[in-house]
Amino acid sequence: MLSILPQREGRGYNVAYSGGGPSTLAAYLTQLADSDGQNTAAGASYEEAHPAIRAWTQGGAVERGTNELSLGGLKALQQT
């Protein structure tokens, strides 16, 4: 289960377009993967997002709800 804390600076967490919202979500998910699911602090900079995770948050499958990832899946994306 993923519980997303409030985000900082009003960027919001969004998906399926190229912009700040998906990049902010990708940075948060990158932080989760890097810390093995332990670091859930809000405020990761969108510049810290892993490119493959950012691409996933910007993809259309996320918007349609047809693409889900576990912690293992996030880590696998980082290997690409």
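Our subject in this report is the structure included herewith. Here the structure is a predicted model, which means the values were calculated and not measured.

### Section: helix H1 (residues 20-34)
- Taking 1.5 Å as the rise per residue, H1 with 15 residues should run 21 Å; its terminal C-alpha atoms sit 21 Å apart, in good agreement.
- Burial of H1 is extensive: 13 of the 15 residues sit out of reach of the surface.
- The positive-phi residue at the C-terminal boundary of H1 is Asp36, with phi of around 60 degrees.

### Concerning the packing of helix H2 (residues 51-58) against helix H4 (residues 71-78)
- Where H2 meets H4, the closest approach of the two axes is 7 Å, and the angle between their N-to-C directions is 120 degrees. By the angle between their directions, the pair H2 and H4 is classed as oblique. Facing H2, whose interface residues are Ala52, Ile53 and Trp56, H4 presents Leu74, Leu77 and Gln78.
- Among the residues forming the contact of H2 with H4, the class breakdown is five nonpolar, one polar and no charged.

What counts and what doesn't
- Residues numbered from 1 in each chain as written.
- Predicted model: local features only at pLDDT ≥ 70, side-chain atom pairs only at ≥ 80, totals over all residues.
- Heavy atoms only, no water.
- Helix = DSSP H or I, 4+ residues; strand = E, 2+ residues; numbered from the N terminus.
- Expected span 1.5 Å × (residues − 1).
- Buried < 20%, exposed > 50% of the residue type's maximum accessible area, 1.4 Å probe, protein only.
- Axes fitted to C-alpha atoms, helices over the stretch in contact; angles between N-to-C directions.
- Parallel < 35°, antiparallel > 145°, perpendicular 65-115°, else oblique.
- Contact = heavy atoms within 4.5 Å.
- Nonpolar A, V, L, I, M, F, W, Y, C, P; charged D, E, K, R; others polar.

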